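Structural characterization, general
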Amino acid sequence: MNLYDITVLDRLGNEVKLDKYQGKVLLIVNTATGCGFTPQYEELENLYEELKDKGFEILDFPCNQFHEQAKGSDEEIHTFCTAKYHTTFDRFKKIDVNGENANELFTFLKSQKGYVTPKGLKKKTTMNLVQKLSGTKGTDDIRWNFTKFLVDKNGNVVDRLEPVEEVKEYKDKILALL
């Protein structure tokens, strides 16, 4: 199996085969609208606007598994994101990223890039707290909202970026892949 064999549902429930994105650099993100990391939507949109014409796409997958911070319907989430953060990148149907109902895409992504503690004491402290809250310590499961997977133009998962990692920390990685 590879990334391009996977089919997901867009926010309206239409099937989207990921081969649609072949030849593009992808940042695949699980998100939530009521999280402390939600302001990352602004940074993500700025990055998308800057790089979309160079072959970069962001795929947004809302997830309500972490303290129910993605409440509301898919349409309510979309309306919130477009009104508050002016997002224009592709958003998909709300999914689970962990557990027996985990979406096939995130099961694949986690199998390609497991969890690695971010560098920096402050970040480690933050992620330790997140792990305690989410109950995922010691696994490759997604720890929290706004975990990102960076995928190259050939569908290879090249990096996993935890929520505490800022855009400036991975923008150079994206540019190198473009």
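Coordinates for the structure precede this section.
About the criteria used
- Residues numbered from 1 in each chain as written.
- Predicted model: local features only at pLDDT ≥ 70, side-chain atom pairs only at ≥ 80, totals over all residues.
- Heavy atoms only, no water.
- Pairing = 2+ DSSP bridges.
- Helix = DSSP H or I, 4+ residues; strand = E, 2+ residues; numbered from the N terminus.
- Contact = heavy atoms within 4.5 Å.
- Axes fitted to C-alpha atoms, helices over the stretch in contact; angles between N-to-C directions.
- Phe/Tyr/Trp six-rings, centres within 6.5 Å; stacked < 30°, edge-to-face > 60°.
- Buried < 20%, exposed > 50% of the residue type's maximum accessible area, 1.4 Å probe, protein only.
- Parallel < 35°, antiparallel > 145°, perpendicular 65-115°, else oblique.
- Left-handed = near helix turned anticlockwise from the far one by under 90°.
- Nonpolar A, V, L, I, M, F, W, Y, C, P; charged D, E, K, R; others polar.
- Salt bridge = Lys/Arg side-chain N within 4 Å of Asp/Glu carboxyl O.
- Polar contact = N/O pair within 3.5 Å; in protein donor to acceptor, adjacent residues only side chain to side chain.

Considerations on the sheet that holds strand 3 (residues 25-31)
Read from one edge of the open sheet, five strands run 5-4-3-6-7, paired in mixed fashion. The sheet terminates laterally at strand 5 (90-91) and strand 7 (157-161), the two strands that pair on one side only. Alignment of strand 4 (residues 56-62) against strand 5, held across two bridges, turns out to be parallel. Pairing of Asp60 across the sheet is with Arg91, part of strand 5. Most of the contacts of helix 1 (residues 40-51) go to strand 4, to which it runs at about 155°, and overall it touches strand 3, strand 4, strand 5 and strand 6 (148-151). Against the sheet, helix 3 (residues 104-112) contacts strand 3, strand 4, strand 6 and strand 7, and its axis sits at roughly 115° relative to strand 3.

Quick look at the packing of aromatic side chains
Enumeration according to the criterion identifies nine aromatic pairs in this entry. Between Phe61 and Phe92 the ring centres are 4.5 Å apart and the planes differ by 10°, which places this aromatic pair in the stacked class. Of the two residues, Phe61 is situated in strand 4 and Phe92 in the loop between strand 5 and helix 3; the sequence distance between them amounts to 31 residues. Both residues of the pair, Phe61 and Phe92, belong to the buried class.

Section: unusual backbone geometry
A positive phi angle is found at His86, which is not glycine, with a value near 55°. Inspection of the secondary structure puts His86 in the loop between helix 2 (74-84) and strand 5. Of note in this structure, Phe146 is not a glycine but carries a positive phi near 70°. With respect to the helices, strands and loops of the structure, Phe146 is situated in the loop between helix 4 (121-134) and strand 6.

As for the packing of helix 1 against helix 5 (residues 167-177)
Where helix 1 meets helix 5, the closest approach of the two axes is 11 Å, and the angle between their N-to-C directions is 25°. Taken together, the axes of helix 1 and helix 5 lie roughly parallel to each other. For the crossing formed where helix 1 meets helix 5, the hand is right-handed. From helix 1, Glu43, Leu44, Leu47, Glu50 and Leu51 reach across to helix 5, where they touch Val167, Tyr170, Lys171, Ile174 and Leu175. Classifying every residue of the contact of helix 1 with helix 5 by side-chain character gives seven nonpolar, no polar and three charged.

Quick look at the pattern of salt bridges
Applying the stated criterion across every chain, the model contains nine salt bridges. Among the salt bridges present, the one from Glu75 reaches Arg11, with a minimum N-O distance of 2.6 Å. Of this pair, Glu75 sits in helix 2 while Arg11 sits in the loop between strand 1 (7-9) and strand 2 (15-17), and the two are 64 residues apart along the sequence. Arg11 gets classed as partly exposed once you look at its relative accessible area, which sits at 23%. Linking Lys93 and Asp74 is a salt bridge whose minimum nitrogen-to-oxygen distance equals 2.8 Å. Residue Lys93 is located in the loop between strand 5 and helix 3, and its partner Asp74 is located in helix 2; the two are separated by 19 residues in the primary sequence. By relative accessible area, which is 14% here, Asp74 ends up buried.

Quick notes on the side chain of Arg160
Of note, Arg160 is situated in strand 7. What makes Arg160 buried here is its relative accessible area of 7%. Among the polar contacts made by the side chain of Arg160, one reaches the main-chain carbonyl oxygen of Lys113 at a distance of 3.3 Å. Among the polar contacts listed, one links the side chain of Arg160 to the backbone oxygen of Asp141, at a separation of 2.9 Å. In this view, Arg160 contacts Lys110, Lys113, Gly114, Tyr115, Asp140, Asp141, Ile142, Arg143, Thr147, Lys148, Phe149 and Glu165; residues no more than four positions away in its chain are not counted.

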